[in-house]
Amino acid sequence: MKRRNFLKNTALGAAAITAPFILPSGRLFAATGSRMADHVVFVAFAGGVRQQESILQRYLDDSQDYPSAGNIMYNMFDGAPPTDKIVYGTDGIISGDTPIPKLLSQTLQQQGTLFKEVNASTVGHYAGVNTLLTGNYLYSQGLRMKPSMPTIFEYLRRHQGVKATKTWFIGNGIGNSLPLLDYSLHPDYGSQFGANFLAPTITFGDDGEKHLKNAKIYHPEDELDPMYKMKYFLDNVWYSQGKPLPNIGNTEEEKAEIKQFVKDMFEKKENGTIVHPPVGGNRDGQTIGYACEVLKRFRPTFSVVYLSSVDACHSDFSGYLKSLHATDHAVGHLWDYIQNNIPEMANNTTLIVSPEHGRNLESNNIVDANAFTGFDHSDANSRRIFNMVIGPGVDSNLTIGNENNQIGDIVNITPTIAEILGFKNEMMGAGLTASNNSLFDLI
Amino acid sequence: MKKITLLFFCLSVLATSCKKDDIIYDVNQVNATSYNANKNKLKTISQYISILYANLFQKALSANELVEITNCIESIGDKEVAHEIILSNFMNKSAVTMPSDSLMRTDVNAFIEQTYKRFYVRDLTEAEREFFLFFFASHPDVSVEMVYSAFSLSNEYQFY
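Student: Mind showing me how you'd approach the packing of helix α3 (residues 63–74) of chain B against helix α4 (residues 79–91) of chain B here?
Tutor: All names here are of chain B. Running from amino to carboxyl end, α3 crosses α4 at an angle of 140°, the nearest separation of the two axes being 9 Å. Regarding the angle of α3 to α4, the classification is oblique. From α3, I69, C72 and I73 reach across to α4, where they touch K79, A82 and I86.

Student: Please explain the packing of helix α8 (residues 252–271) of chain A against α4(B) as it appears in this structure.
Tutor: Helix-helix packing is characterised by the crossing angle of the two axes and by the distance between the axes. At a minimum axis separation of 10 Å, α8(A) and α4(B) run at an interaxial angle of 50°. Taken as axis vectors, α8(A) and α4(B) run oblique relative to one another. By crossing handedness, the relation of α8(A) to α4(B) is classed as right-handed. On α4(B), the residues that touch A:K255, A:I258, A:K259 and A:V262 of α8(A) are B:E80, B:V81, B:E84 and B:I85.

Student: Whenever I open this one, the environment of A:P226 confuses me. Can you help?
Tutor: Note on placement: A:P226 falls in helix α7 (residues 220–239). With 20 C-beta atoms counted inside 10 Å, the residue A:P226 sits in the buried group. Expressed as a C-alpha distance, the spacing of A:P226 and A:N437, which sit 211 residues apart in the sequence, is 51 Å. Sequence-distant contacts of A:P226, that is, excluding residues within four places in its chain, are made with B:H139, B:V142 and B:M146.

Student: Is there a simple way to think about the environment of B:V147 in this case?
Tutor: Relative to the helices and strands, B:V147 is located in helix α8 (residues 144–153). For B:V147, a count of 23 C-beta atoms within 10 Å gives the class buried. As a C-alpha pair, B:V147 and B:V108 span 39 residues in sequence and 12 Å in three-dimensional space. Not counting residues within four places of it along the chain, the set of residues in contact with B:V147 comprises A:M230, B:T115 and B:V142.

Student: Before we go on, may I ask you to explain the interface of chain B and chain A in this structure?
Tutor: It is common to give the size of an interface as the accessible area lost on bringing the parts into contact. Each partner contributes to the interface: chain B provides 36 residues, whereas chain A provides 39 residues. Listed by contribution, the elements that provide at least two residues to the side of chain B that touches chain A are α3, α4, α7 (126–138) and α8 of chain B. The element best represented in the side of chain B that touches chain A is α4(B), accounting for eight residues. In terms of residue class, the side of chain B that touches chain A is made up of 16 nonpolar, twelve polar and eight charged.

Conventions used here
- Residue numbers restart at each chain and count upward from 1, following the sequence in its written direction.
- Both sets of labels track the order of writing: A upward for chains, 1 upward for ligands.
- Confidence filtering applies because this is a predicted model: local features only for residues at pLDDT of at least 70, side-chain atom pairs given and counted only at 80 or more, and all residues used for totals across whole chains, interfaces and linings.
- A fitted line through C-alpha atoms represents every axis, and for helices the fit uses only the stretch in contact; the resulting angles, taken between N-to-C directions, go from 0 to 180 degrees.
- In this text, helices come from DSSP runs of H or I with a minimum length of four residues, and strands from runs of E with a minimum of two, each type numbered from the N-terminal end.
- Note on terminology: angles under 35 degrees are roughly parallel, angles over 145 are roughly antiparallel, angles of 65 to 115 are roughly perpendicular, and the others are oblique.
- A pair of residues counts as a contact when their C-beta atoms, built from backbone coordinates, are separated by no more than 7 Å.
- Less than a right angle of anticlockwise turn of the near helix away from the far helix marks a crossing as left-handed, whereas a clockwise turn marks it as right-handed.
- Counts of 20 or more other C-beta atoms within 10 Å of a residue's own C-beta define buried residues, counts of 12 or fewer define exposed ones, and intermediate counts define partly exposed ones; C-beta atoms are placed from the backbone.
- Amino acids outside the nonpolar list (Ala, Val, Leu, Ile, Met, Phe, Trp, Tyr, Cys, Pro) and the charged list (Asp, Glu, Lys, Arg) are all regarded as polar, and Gly is one of them.

Written out as structure tokens, the structure is:
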């Protein structure tokens, strides 16, 4: 096992020369774990993905009683595409008849470890992503509440002293209470360890064009400095009343960097130079394009990219197939961009891909333009997902589990991220996650 | 019967006994809004934007724009950053109603008092007055826009 060799080779050295450093809180801290990579990008391939059309590659065969099987996610998985009834591509002569050319010369499956059959017990979008980020099944969690258990962002920032702009949560919208998942309400963690959330399709979309684009960039010394001095005075008076506001702890320099980033993105958008995926422009693709820009600018230690266009499956199965295909292309683009355009992250980044839950075995009664029926998410089939991990120290071309042998659970993902970034012991020490096992522990 | 009459008499005397007047010292009475004005509720994003817009433009924000701006703020996690960007967009519009810098400098005392009323809906304390008088004296280039921005972005302004 590559990982075992890695751990063996680094354990002694790490124990001997673990370098202490000072956390923002002033506490002396010594990292206890070795990192497998300095960056993790976690793609929540969310919105509810059926195993049948993704990893099992059954296309229309297992959903619409039409005998056409094949792989429509050929940047992620090995397998030949369908040859009959092509509706998953971009629009050519008829809707969806033009598949997007394969982007990666080697599939992500070949480059990493695939967990083919994983359990995901929460089948709602918010609850599912909440589980992905906290490593807990928060069944009693309300939809409009911040997580009660710490998010992976908070573990990372608290236990490794990582800056706010080194953790990003990039969502493809603001629905389903998604912005609430940037930090939890847990008393030992909380906002000061939260991530920078960004929903770029809103920020740089029509609303942003109207209300954010014309922002002034004030002069840092002549204008911002006196403005902030007055604000700090006013805030100090207010703090004396014991009414602080949640704050994710961006420094003034980090805030200035974010404001400049926003300004630059509007310019790049106007010039048509945002690094979107080569083909297609669905919401997920747009989100991935801006995610690439965030990675390039901030080189985060940890970032989550949340996608959910496939949720169209409730009422538009053809749209769902198109979204699976386009988002596979977008994820391939993201990985390709990291490896070829961000030198600091190339060969030093681990990519994790996981849906937040699956979708039903039986269809509902809603029929789309191709007379295909849609699928909701509530039954046992909705609790089936795949996981994939690609990066330094991770076995390549390894498949774990199969349809008849479920190995892994969605709550194993946060320990996996912690293990890659070297703070698994601290996270387990907090005793707040449902499982102590990373996906690596299950190999 | 005598006892009942006596009891009735005593109760009547108690009920009509004299009431002590409130002491009024030899100064004018002033109705002052209390320090921090008992603000303990955090404004929602929509409330914050509506009030900010009304403060700056002296008119109400349209319902459509309220939804759009609320979306923009929700799309950026660091609310301080989001508010700053929205505010500086507002400040780029010509319809913002604020006094000129020269008018501010003419009577700094009155300007500070009005600004506290306008944004915080309360009177300022003497300590706050002293701070701003000193600050304006030591920062001759401070503009009304900077002062209004500082108040708009301050934490007290997030509460009502």
